[in-house]
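Topology and contacts: notes
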Amino acid sequence: MEKRFLVGKTISPYLEVCFESQEVSYVNPLIRFSEIFDSLKQLEDCDLSIENVENIIFHYLAYLDMLKGLDKRQIKMDFLEQEIKNGFFGKGVTEKWKKIKEKHKKIILYMLSEKMGKNRGENIFLETLKKIFTGLSLTYEKSTEAYYLYIQDSQNKYNMLVLGLVKYLFWSMEEKIEIVWEKHYGIIGVDDTMHISQISIV
């Protein structure tokens with residue numbers, strides 16, 4: 001533990017558990033934690049010094065204070081991100097994760113927390129991509145038994161990186177998918193693909 005918490009010698013009501021930049025923070029244990037620290041008097045025979053015990057307890061209390069400001073979803077998203085960083089989803093995902101923008105990380109984590117354990121089909125995949133790219137459509141062609149994904153954005157290195165990550169996390173590996181970037185295509189009979197903005201393809 002690099003940071004150290006100590007009971008303040010001059011007790012002030014403003015000495016609370018907090019994450020400050022200083023290496024040592026002085027805390028007033030009597031504001032909210034008197035029941036905890038009153039019991040420390042019983043630790044006189046403990047191998048650890050009272051100061052070390054206090055420091056450990058304060059670290060735990062500081063962590064609880066931090067969690068109090070988070071909702072259930074945010075805690076789950078933080079947990080999922082830690083799993084990604086630790087390689088739980090594979091080394092490739094961990095490496096890609098380092099390179100994508102924070103706003104896209106939040107979207108992916110949100111969708112993972114929302115959909116984890118549920119159907120990982122094209123609906124989840126498409127819903128995630130719609131939050132990232134400006135325009136897209138997904139169609140299924142029976143003759144080729146493949147899905148065709150049109151993405152209005154340009155095919156650059158970053159967009160391909162994000163798409164690859166989302167595809168790995170949300171797309172069923174059993175389903176074939178072809179990606180079309182920027183240049184529009186139209187499939188007769190599929191209305192979503194027969195429009196460019198407000199213009200209909202006839």
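We now turn to the structure provided with this report. If you're wondering where the values come from, they're calculated on a predicted model, not measured in any experiment.

1. Some points on the overall build of the protein
Per the secondary structure count, the protein includes seven helices and seven strands. For the protein, the succession of helices and strands along the chain, N to C, is β-β-α-α-α-α-α-α-β-β-α-β-β-β. Here the protein holds 202 residues, and the buried ones make up 36% of them. Expressed as a percentage of contacts within the protein between residues at least 6 apart in sequence, the contacts between residues at least 24 apart total 53%. When the accessible surface of the protein is totalled, it reaches about 13600 Å², and 52% of it is carbon and sulfur.

2. Considering the sheet that holds strand S5 (residues 177–181)
The strand order across the open sheet built from three strands is S3-S4-S5, with neighbouring strands paired in mixed fashion. What marks the edges here is a single partner per strand, and that holds for strand S3 (136–141) and S5. Taking the axes of each pair of neighbouring strands and ignoring which way they run, one obtains an average angle of 20 degrees across the sheet. Here six bridges tie S3 to strand S4 (residues 146–151), and the two strands are oriented antiparallel to one another. Across the sheet, residue Tyr140 finds its bridge partner in S4, namely Tyr147. The strands touched by helix H7 (residues 157–170) within the sheet are S4 and S5, with S5 carrying the most contacts at an inclination of about 155 degrees.

3. Examining the packing of aromatic side chains
By the definition in use, this model includes five aromatic pairs. On the numbers, 5.2 Å between centres and 85 degrees between planes, the contact of Tyr147 with Trp171 is edge-to-face. Taken together, the positions of Tyr147 in strand S4 and Trp171 in the loop between H7 and S5 put the pair 24 residues apart, joining distant regions of the chain. Within the aromatic cluster, the residues linked to one another by ring pairs are Phe125, Tyr140, Tyr147 and Trp171. Across the ring face of Tyr158, the terminal group of Lys101 is positioned such that the distance to the ring centre comes to 5.1 Å.

What counts, and at which threshold
Residues numbered from 1 in each chain as written. Predicted model: local features only at pLDDT ≥ 70, side-chain atom pairs only at ≥ 80, totals over all residues. Heavy atoms only, no water. Helix = DSSP H or I, 4+ residues; strand = E, 2+ residues; numbered from the N terminus. Buried < 20%, exposed > 50% of the residue type's maximum accessible area, 1.4 Å probe, protein only. Contact = heavy atoms within 4.5 Å. Areas by Shrake-Rupley, 256 points an atom, 1.4 Å probe, with all protein chains shown as cover. Pairing = 2+ DSSP bridges. Axes fitted to C-alpha atoms, helices over the stretch in contact; angles between N-to-C directions. Phe/Tyr/Trp six-rings, centres within 6.5 Å; stacked < 30°, edge-to-face > 60°. Lys NZ or Arg CZ within 6 Å of the ring centre and 35° of its normal.

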